[in-house]
Amino acid sequence: MGNPLLISRDNFGSSFFKSSPFWAQRNFAPAAVSLPRNSVPVDHHTLHFHDRCTTTPFKYEFHEDPCYLSKIGQNMEKVRTMLSQPSHKSNAIVTVDALKKLGIDHFFGEEISAILDLSYNNMYKTLKESDVKLTDIALQFKLLREAGYDVSSDVFQRFMNENGEFKQYLSKDVEGLISLHDASFLNMGEEMLYTAKNFSTMHLQSSVKHLGQRCGALVRHTLEHPHHMSLKQYKARHYLTQVLLYLTSDDGSLSIKELAETEFHLNQLLYQDEFKKIKRWWSDLGLARELTFARDQILKWYLWSMTALPGPQFSKHRLELTKSVSFIYIIDDIFDIMGNPEELTLFTQTINSWEDSSALPGYMRACFIALKDVTSGIAQFVEEEYGLNPINNLKRSWAILCNAFMVEARWFADKQVPNAEEYLRNGIISSGVHLVMVHLLFLLGHRVTNETLHIIEGNSALVSCTAKILRLWDDLGSAMDENQEGFDGSYVEYYMKDNPSCSLEAAKLHTKKLISKSWEELNKEYFFNKSLSPYFKEASLNCARMVNVMYNYDEQQQLPLMNDYIQNLLFGGK
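Residues numbered from 1 in each chain as written. Predicted model: local features only at pLDDT ≥ 70, side-chain atom pairs only at ≥ 80, totals over all residues. Heavy atoms only, no water.

(A) Summary view of the overall build of the protein. When you go through the protein residue by residue, the secondary structure sums to 23 helices and two strands. Here the protein holds 574 residues, and 57% of them are scored as buried. Sequence-distant contacts in the protein: of pairs separated by 6 or more residues, those separated by 24 or more amount to 71%. Surface exposure of the protein reaches about 24,800 Å², of which carbon and sulfur atoms provide 50%. (Helix = DSSP H or I, 4+ residues; strand = E, 2+ residues; numbered from the N terminus. Buried < 20%, exposed > 50% of the residue type's maximum accessible area, 1.4 Å probe, protein only. Contact = heavy atoms within 4.5 Å. Areas by Shrake-Rupley, 256 points an atom, 1.4 Å probe, with all protein chains shown as cover.)

Here it is, written out as structure tokens:
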């Protein structure tokens, strides 16, 4: 044990794929606290959390032995020292990948940046080495592209034959195939990555029956939940409980595991506390009693905010965002279920004017008054945090959403059948994504610039592509929300009417291709847009990641994947 590498080729790489008994689920350690760099506990009850990208202090409340804090601080310094050691260079990329998969890479930003810079500068030299491995190149490609480096997918030419196909011997390299599969989802429209995805998918699927239980489970999880398409917290939970559980043989592995367990557990406690606050807010608001027809899905509303904007520094932001999300669902039900055309026209006019609501029916008036209060509260929060009041932009975002709802209401009332393109153009707005992203923009402190105007106007791919993914995924489902009684059209339906010879399966395939194309455009904007905060870009990506979770109904009209996310991220998942 002379080499204290955190995650090395000896304790993680090919040895993981040897047959061994499946491991048990790990119980979390007692509540502890993750120390940021150079932080010092100030007393026995509160630890201040300073995010590296902001000067605002955040804190966790706990009642643990303060000696535990010292242990966590020691673990962080061990990992930091490890990342900086020259002897660790050959394994540094593997370690960085492990830290990112566990969601604790943000504590080691400077060290990781140095490692990635070195990897980028040496990558093409590495490609010329005779013994270069697919795993190494795929891992470097993924990490570098995720970090915004301009790295071409042509790096995989090194592993292809003269026919432009991946060499056959790679079909037996399970570790390399997993890395290649993960990398293939960072596609921005590149033929090379289409080929990589098809090759890795085919051979991983065929390999499962030949693998041991543990490795087979990892391969199945890789195929079902590609890393880039899945929420980081969810993947971190899996990585922690299934991949790292058996890595207990060296000091470095123990340090990283304790840090990851602490981070996950403390965030979970924070999310539970936030959910209690949202439940209390919703009960005090009283709208559930006024609007008995509307969906009462507090947990689902909060899940959007919890997953879009993770981390302790955004606790208040999540609470405010959840309030806005709740009204998207409520107003959607007013349009789909309760309101008649005359009432909906009056309601839309009131939202646009943001003034007198006395002419509205009682249930609409109650909704509008509550919406005004919530929106004013969010604007006040932003002003207190950042010194600007975005009330006019927030009001306008609600007007834009309700105008889109009204377009759909007129179509259905007048029995009009829009063409698929017209429906999708309006559906991108009525998805509610634009409104959420405008609220997020200001909750994160962005000011109105030429770049943020694209967000406000809905012209940025970070908004439009996420919205398109949501709208098309929703429309792909053969069933409606399990608690919704309203009716609306779908892109699949209108596409088939535009193309009478098109079958249902062909229309669904076309829709899935549009979703894939939207992901490629979203990836390009996410990787290379330098003018918006990484938190805003990550929130956009996280919303797209959650679409499959929120709209993936089974035959019983239930959402098993969403329930799995809730159980794992919020309520324990042991």
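Having seen the model, we can carry on.
(B) Molecular detail of the nonpolar core. With 112 residues, the main nonpolar core has Phe327, Phe347 and Trp398 as its most contacted residues. Counting residues per element, this core draws most heavily on helix H14 (residues 362–386), which supplies eleven residues. Contact partners of Phe327, with chain neighbours within four places excluded, come to Trp281, Leu285, Leu287, Cys367, Ala370, Leu371, Val374 and Trp398. Leu116, Val208, Cys215 and Ile256 belong to the second-largest nonpolar core, a separate cluster that totals 54 residues. (Core = buried A, V, L, I, M, F, W, Y, C linked by side-chain atoms within 4.5 Å.)

(C) How the structure looks around the packing of helix H16 (residues 420–430) against helix H19 (residues 461–476). At a minimum axis distance of 8 Å, the contact between H16 and H19 shows a crossing angle of 105 degrees. With respect to H19, the axis of H16 lies roughly perpendicular. Where H16 abuts H19, its residues Tyr423, Leu424, Gly427, Ile428 and Ser430 lie against Ser464, Ala467, Lys468, Arg471, Leu472 and Asp475. When the residues that make up the contact of H16 with H19 are grouped by side-chain class, the tally is five nonpolar, three polar and three charged. (Axes fitted to C-alpha atoms, helices over the stretch in contact; angles between N-to-C directions. Parallel < 35°, antiparallel > 145°, perpendicular 65-115°, else oblique. Nonpolar A, V, L, I, M, F, W, Y, C, P; charged D, E, K, R; others polar.)

(D) Region of interest: helix H17 (residues 433–443). Burial of H17 is extensive: eleven of the eleven residues sit out of reach of the surface. In this fold, the buried residues of H17 make contact with helix H12 (315–338), H14, helix H15 (391–413), helix H18 (450–456), H19 and helix H22 (534–550). One or two residues past the end of H17 sits Gly445, with phi positive at roughly 90 degrees.

(E) Representation of helix H13 (residues 341–353). The first and last C-alpha atoms of H13 sit 18 Å apart over 13 residues, in line with the 18 Å expected at 1.5 Å per residue. Those residues of H13 that fall on the buried side of the exposure criterion are Leu344, Phe347, Thr348, Thr350 and Ile351. Projection of H13 onto a plane perpendicular to its axis shows the buried side chains occupying an angular sector of 160 degrees, all on one side. Among the structural elements, H12, H14 and H15 are those in contact with the buried residues of H13. Where H13 starts, the residue carrying a side-chain oxygen 3.1 Å from the main-chain nitrogen of Glu342 turns out to be Asn340. Count one or two residues on from H13 and you reach Trp354, which has phi positive near 60 degrees. (Expected span 1.5 Å × (residues − 1). Arc of directions from axis to C-beta. Polar contact = N/O pair within 3.5 Å; in protein donor to acceptor, adjacent residues only side chain to side chain.)

(F) Looking closely at the packing of aromatic side chains. Tallied over the entire structure, the rule returns 19 aromatic pairs. Geometrically, the ring pair formed by Phe166 and Phe199 is stacked, given 5.2 Å between the ring centres and 25 degrees between the ring planes. Taken together, the residues Phe166 in the loop between helix H4 (134–146) and helix H5 (174–184) and Phe199 in helix H6 (residues 191–207) connect sequence positions 33 residues apart. Of the two residues, Phe166 and Phe199, both sit in the buried class. (Phe/Tyr/Trp six-rings, centres within 6.5 Å; stacked < 30°, edge-to-face > 60°.)

(G) The confidence of the model for the protein, seen in detail. Taken residue by residue, the protein gives an average pLDDT of 84. The fraction at 70 or more is 83%. A low-confidence stretch, residues 1–63 stays under pLDDT 50, and its non-local contacts, those more than four residues away or across chains, total 179 contacts. Low pLDDT (under 50) marks residues 478–487, which in the prediction has 26 contacts with non-local residues, meaning those over four places away or in another chain. (pLDDT = per-residue confidence, 0-100.)

(H) Spatial organisation of unusual backbone geometry. Positive phi, normally seen in glycine, also occurs at Trp354, with a value near 60 degrees. Mapped onto the fold, Trp354 is located in the loop between H13 and H14. The exposure class of Trp354 is buried, given its relative accessible area of 9%.

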